[in-house]
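Now for the letters of each chain:
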Amino acid sequence: VQRYNIPQQYLYDVIHGCESDLQPSQYPSFVQLKPYLYRVASVVGLCCLRVWGLRSGCQWEVADPLAIDAGYAFQLPNILPDL
């Protein structure tokens, strides 16, 4: 966390996401599902970005939303079989 300047909230979000997997949940809409997707997948990408760093010229304001969206995209196929 200190070495790579990872916000502690990211780690708390991952823990909260894992906790939510301990009991069955229903999300009637994608809007309601997005916070779960963020906690179990997107914050992992945000943490990885801090470790890997950005290419020269890239800004966090550009990279972070892309990591969040990638988390959604990677997690959705994992939960679709549950439907």
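Described in the following lines is the structure provided in the data block. Quick caveat, the model's predicted, so the values are computed rather than measured.

**Some words on helix α1 (residues 8–20)**
Moving on, step 1. An ideal rise of 1.5 Å per residue puts 18 Å on 13 residues; α1 measures up with 19 Å between its terminal C-alpha atoms.
Moving on, step 2. What α1 keeps buried is the set Tyr 10, Asp 13, Gly 17 and Ser 20. Looking straight down α1, one finds that the buried residues subtend no more than 80° of arc, so they occupy a single side.
Moving on, step 3. In this structure, the buried side of α1 is in contact with α2 (30–52) and α3 (60–79).

**Let's talk about the environment of Tyr 10**
Moving on, step 1. The residue Tyr 10 is located in helix α1 in this model.
Moving on, step 2. A residue is classified by how much of its surface remains accessible, and Tyr 10, at 12% relative accessible area, is buried.
Moving on, step 3. With 25 residues separating them in the primary sequence, Tyr 10 and Pro 35 have C-alpha atoms 13 Å apart.
Moving on, step 4. The contacts of Tyr 10, once residues within four sequence positions are left out, are Tyr 38, Val 43, Leu 46, Cys 47, Arg 50 and Asp 64.

**Digging into a nonpolar patch on the surface**
Moving on, step 1. Residues Tyr 4, Val 51 and Trp 52 make up a contiguous nonpolar surface patch of roughly 350 Å² in combined accessible area.
Moving on, step 2. Tracing the sequence through the fold places Tyr 4 in the segment before α1.

**Here's the deal with the packing of aromatic side chains**
Between two aromatic rings, the relevant description is the distance of the centres plus the angle of the planes.
Moving on, step 1. Summed over the entire model, instances satisfying the criterion amount to two aromatic pairs.
Moving on, step 2. Centroid distance Phe 30 to Tyr 72: 6.5 Å. Interplanar angle 80°. Geometry classified as edge-to-face. Placement of Phe 30 in helix α2 and of Tyr 72 in helix α3 is noted, with a sequence separation of 42 residues between them.
Moving on, step 3. The class of Phe 30 is partly exposed, set by a relative accessible area of 42%.
Moving on, step 4. A relative accessible area of 12% means that Tyr 72 is categorised as buried.
Moving on, step 5. For Arg 50, the ring lying beneath its charged end belongs to Trp 60, and the centroid distance is 4.2 Å.

What counts as what
- Residues numbered from 1 in each chain as written.
- Predicted model: local features only at pLDDT ≥ 70, side-chain atom pairs only at ≥ 80, totals over all residues.
- Heavy atoms only, no water.
- Helix = DSSP H or I, 4+ residues; strand = E, 2+ residues; numbered from the N terminus.
- Expected span 1.5 Å × (residues − 1).
- Buried < 20%, exposed > 50% of the residue type's maximum accessible area, 1.4 Å probe, protein only.
- Arc of directions from axis to C-beta.
- Contact = heavy atoms within 4.5 Å.
- Patch = residues over 30% accessible without salt bridge, like charges linked within 9 Å, V, L, I, M, F, W, Y side chains within 5 Å.
- Areas by Shrake-Rupley, 256 points an atom, 1.4 Å probe, with all protein chains shown as cover.
- Salt bridge = Lys/Arg side-chain N within 4 Å of Asp/Glu carboxyl O.
- Phe/Tyr/Trp six-rings, centres within 6.5 Å; stacked < 30°, edge-to-face > 60°.
- Lys NZ or Arg CZ within 6 Å of the ring centre and 35° of its normal.

Fair warning: the whole summary comes from geometry, so function is off the table for now.
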